[in-house]
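Each chain is listed here by its residues.
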Amino acid sequence: MKYSSFLLLLIIIASGCVSRTPQREENVASCIDYQLDSIRIVEDPEVSTLNSYGLSAYCHTNECLYCYNYKEHSIDILDLSGGNVKKSIVLETQGPDAVMRELSWLDVYSPDTIVAYDFNSINVLDSIGRVQCRIKLLKDEWARIDCNSRSNISGFKLDFDNHTITYPVAKPDRNEIIVYDYIDNAVVNRIKLEDSDNKGDYGFMRFPNVSFHGGSIIYNYPYESTVFIYDSISGTTRKVSTKSSYHPDTAKEYEGNSPEDIGWYGAENVFYSPMYYLAGQECFVRITLGATSLDRSVNMDKAYYDRPIYVMKFDEKFTPVGEFELERHKYNPFGGWCAMYDRMAFFQDSMLKENDSDDIIIDTIVF
């Protein structure tokens with residue numbers, strides 16, 4: 001072999017080694033110290049609140065949870081320090097401040113900057129619900145922004161200074177992240193997300209969960225434990241896969257053929273949430289819904305509320321620290337949790353346990 005050919009071969013091999021990122025597999029300890037505290041939000045007779053909420057966001061500035069009330073099409077503001085309903089922002093459905101019903105994402109940047117996605121546009125609202133900015137996403141791209149614990153939970157990253165929004169989209173053959181300049185109406189960047197090694201049919205759980213932290217895009221497929229971390233500076237992706245002592249690390253493949261089958265499939269398998277970052281503790285948290293212990297002779301809704309809920313903590317380098325199970329039949333399994341500054345919040349609400357109060361009960365967990 002000529003020296004030049006040999007050198008070229010070495011370069012090709014070296015390049016391949018640099019682009020590949022090893023998958024790290026961790027066995028997770030099932031013992032971890034944490035403190036659970038309950039917060040009671042006293043019912044306001046003038047506000048029609050819910051017992052729990054499946055879409056909420058925390059504002060550290062005023063220590064409030066902003067929760068979407070789908071029945072009233074409003075954003076209920078729960079004052080955690082005062083233990084009361086601070087107020088409710090009723091959203092308009094017509095006119096210049098219109099926000100379409102059934103929000104699928106909610107973020108709070110400040111008490112006067114509330115961002116709501118309604119499947120039609122990103123709406124930046126002030127403290128009384130007036131639309132300050134409306135961002136139309138690309139019409140020919142299927143945005144996968146959603147908060148649905150039966151399919152996927154994915155948010156977006158809004159950069160007001162550079163007038164860009166970074167969000168996930170689904171293509172027929174791949175999943176992507178788009179960086180979109182909403183002033184110039186131009187796509188700044190496209191990032192292809194890696195596929196899972198599990199290529200089977202997992203029902204509605206076919207799209208990745210996506211979250212953002214600093215310069216990283218963190219994503220995972222709801223049916224498996226593997227976490228992908230994309231570094232926007234280096235353009236590389238690394239994978240971390242965990243081994244739980246509580247539940248399977250991959251859901252069974254879907255083999256049904258009816259609406260009832262696919263409904264039960266979700267209740268009978270695991271669902272992994274995205275990674276939530278707790279800035280006050282410099283850690284990540286992931287929620288896993290386990291499989292119901294009930295069979296198909298019972299009501300399907302009861303089976304979903306019967307699912308166990310597990311909490312796993314990771315350090316800032318995505319090394320799993322520990323995992324534990326929450327008390328059964330106590331919390332809302334349909335996205336009824338929220339990442340706060342230094343703890344996770346869980347709404348007490350279960351059709352399998354009678355609630356003797358109209359007040360909203362929130363359990364917070366700090367590690």
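Because the structure is predicted, anything quoted here is derived from the model rather than measured.

1. Overview of unusual backbone geometry
In the Ramachandran plot, Asn185 falls in the positive-phi region, its phi being about 55° despite a non-glycine side chain. Mapped onto the secondary structure, Asn185 falls in the loop between strand 16 (175-181) and strand 17 (186-192). Asn185 gets classed as exposed once you look at its relative accessible area, which sits at 55%.

2. Some details on the confidence of the model for the protein chain
Looking at the protein chain as a whole, the pLDDT averages 92, with 92% of positions reaching at least 70. Within the model, pLDDT remains below 50 along residues 1-22, and this stretch shows 6 contacts once partners closer than five positions in the same chain are excluded.

3. Structural notes on the sheet that holds strand 25 (residues 320-325)
With antiparallel pairing, 4 strands are arranged side by side in an open sheet as 22-23-24-25. Every interior strand has two partners, whereas the edge strands, strand 22 (271-278) and strand 25, have only one. Strand-to-strand twist across the sheet, computed as the mean angle between neighbouring axes with direction ignored, equals 20°. Sheet topology note: the strand 24 (residues 309-315)/strand 25 ladder contains 5 bridges and is antiparallel. The residue of strand 25 that forms the bridge with Val311 is Phe324.

4. Some points on the pairing of strand 22
Burial analysis of strand 22 places 7 of its 8 residues in the buried class, which makes it a mostly covered element. Linkage of strand 22 to strand 23 (residues 283-289), two consecutive antiparallel strands, is achieved through a turn of 4 residues, within which Glu282 is found at a positive phi near 50°.

5. Here we look at the pairing of strand 28 (residues 360-366)
Of all 7 residues in strand 28, 7 are buried; the element is thus mostly enclosed. Judged by which residues are buried, strand 28 turns out to be covered on both faces: Ile360, Ile362, Thr364 and Val366 on one side and Ile361, Asp363 and Ile365 on the other are all buried. As defined by bridge partners, strand 2 (residues 35-41) adjoins strand 28 across 7 bridges and the pair is classed as antiparallel. The residue of strand 28 that forms the bridge with Ile41 is Ile360. Direction of pairing for strand 27 (residues 344-347) relative to strand 28: antiparallel, over a ladder of 4 bridges. Residue pairing in the sheet places Ala345 in a bridge with Thr364 of strand 28.

6. Re the layout of surface pockets
There is about 1,000 Å³ of room inside the largest pocket. Considering the residues around the largest pocket, the lining is formed by 37 residues, among which Trp105, Asp107, Phe212, Tyr277 and Ala339 are closest to the centre. Those elements giving two or more residues to the lining of the largest pocket turn out to be strand 3 (56-59), strand 7 (105-110), strand 14 (157-159), strand 18 (209-213), strand 22 and strand 26 (337-339). Tallied by class, residues from the lining of the largest pocket come to 27 nonpolar, 8 polar and 2 charged. Of the volumes computed, that of the second largest pocket is approximately 560 Å³. Around the second largest pocket sit 22 residues that line it, and Tyr53, Gly54, Leu55, Tyr70 and Phe334 are the ones nearest its centre. Split into classes, the residues belonging to the lining of the second largest pocket amount to 9 nonpolar, 8 polar and 5 charged.

7. Some words on empty space enclosed by the protein
This structure, assessed with the given rule, holds 3 cavities of 30 Å³ or more. The volume enclosed by the largest cavity comes to roughly 60 Å³. Lining the largest cavity, in full, are Arg150, Tyr202, Phe204, Met205, Ile262, Gly263, Tyr265, Gly266 and Tyr304. Broken down by element, the residue count for the lining of the largest cavity peaks at 4 residues, all from helix 2 (residues 259-267). Considering only residue class, the lining of the largest cavity consists of 6 nonpolar, 2 polar and 1 charged.

8. Quick word on the packing of aromatic side chains
Centre-to-centre distance and the angle between the planes together describe a pair of aromatic rings. Evaluation of the coordinates by the stated rule reveals 17 aromatic pairs. Between Tyr117 and Phe119, the aromatic rings sit 6.0 Å apart at their centres with planes inclined by 45°, giving tilted as the arrangement. The exposure class of Tyr117 is buried, given its relative accessible area of 4%. Between Trp142 and Phe207 the ring centres are 5.1 Å apart and the planes differ by 80°, which places this aromatic pair in the edge-to-face class. Remark: Phe207 occurs in the loop between strand 17 and strand 18 and Trp142 occurs in strand 11 (residues 142-143); sequence separation between them is 65 residues. Classification of Phe207 by relative accessible area gives buried; the value is 9%. One aromatic cluster is present, formed by Tyr202, Tyr219, Tyr221, Tyr223 and Phe228 through successive ring pairs. Here the basic side chain of Arg150 rests over the ring of Tyr304, its NZ or CZ set 4.3 Å away from the ring centre.

About the criteria used
- Position numbers for residues count from 1 along each chain, tracking the sequence in the order it is written.
- For a predicted model such as this one, the threshold for reporting local features is a pLDDT of at least 70, and the threshold for listing and counting side-chain atom pairs is 80 or more; totals across whole chains, interfaces and linings nevertheless cover every residue.
- Hydrogens and water are ignored here; the side-chain numbers use all heavy atoms of the structure.
- Numbered from the N terminus, helices here are DSSP runs of H or I no shorter than four residues, and strands are runs of E no shorter than two.
- Here the term buried applies to any residue with accessible area under 20% of the maximum for its type, exposed to any over 50%, and partly exposed to those in between, with areas from a 1.4 Å probe on protein chains only.
- Confidence per residue, as judged by the predictor, is encoded in pLDDT with a range of 0 to 100.
- Two residues form a contact once any of their heavy atoms are found within 4.5 Å.
- Any two strands with at least two DSSP bridges between them are considered paired.
- Only the stretch in contact is used when fitting a helix axis, every axis being a line fitted to C-alpha atoms; angles between N-to-C directions are given from 0 to 180 degrees.
- Buried and open spaces are told apart on a 1 Å grid over the protein atoms alone, a cavity being a set of points where a 1.4 Å probe fits but cannot get out and a pocket being an open set with protein on both sides within 12 Å along at least five of seven lines. Residues with an atom within 4 Å of a point are the lining residues.
- Grid points are joined across faces, edges and corners, and a volume is the space filled by probe spheres set on the points.
- Throughout this entry, Asp, Glu, Lys and Arg are counted as charged residues, while Ala, Val, Leu, Ile, Met, Phe, Trp, Tyr, Cys and Pro are counted as nonpolar. The remaining residues, Gly among them, count as polar.
- Each aromatic pair joins two rings of Phe, Tyr and Trp (for Trp, the six-membered one) with centres within 6.5 Å, and gets the label stacked for planes under 30 degrees apart, edge-to-face for over 60, and tilted for any other angle.
- When the NZ atom of lysine or the CZ atom of arginine is within 6 Å of a ring's centre and also within 35 degrees of its normal, the charge is said to sit over that ring.

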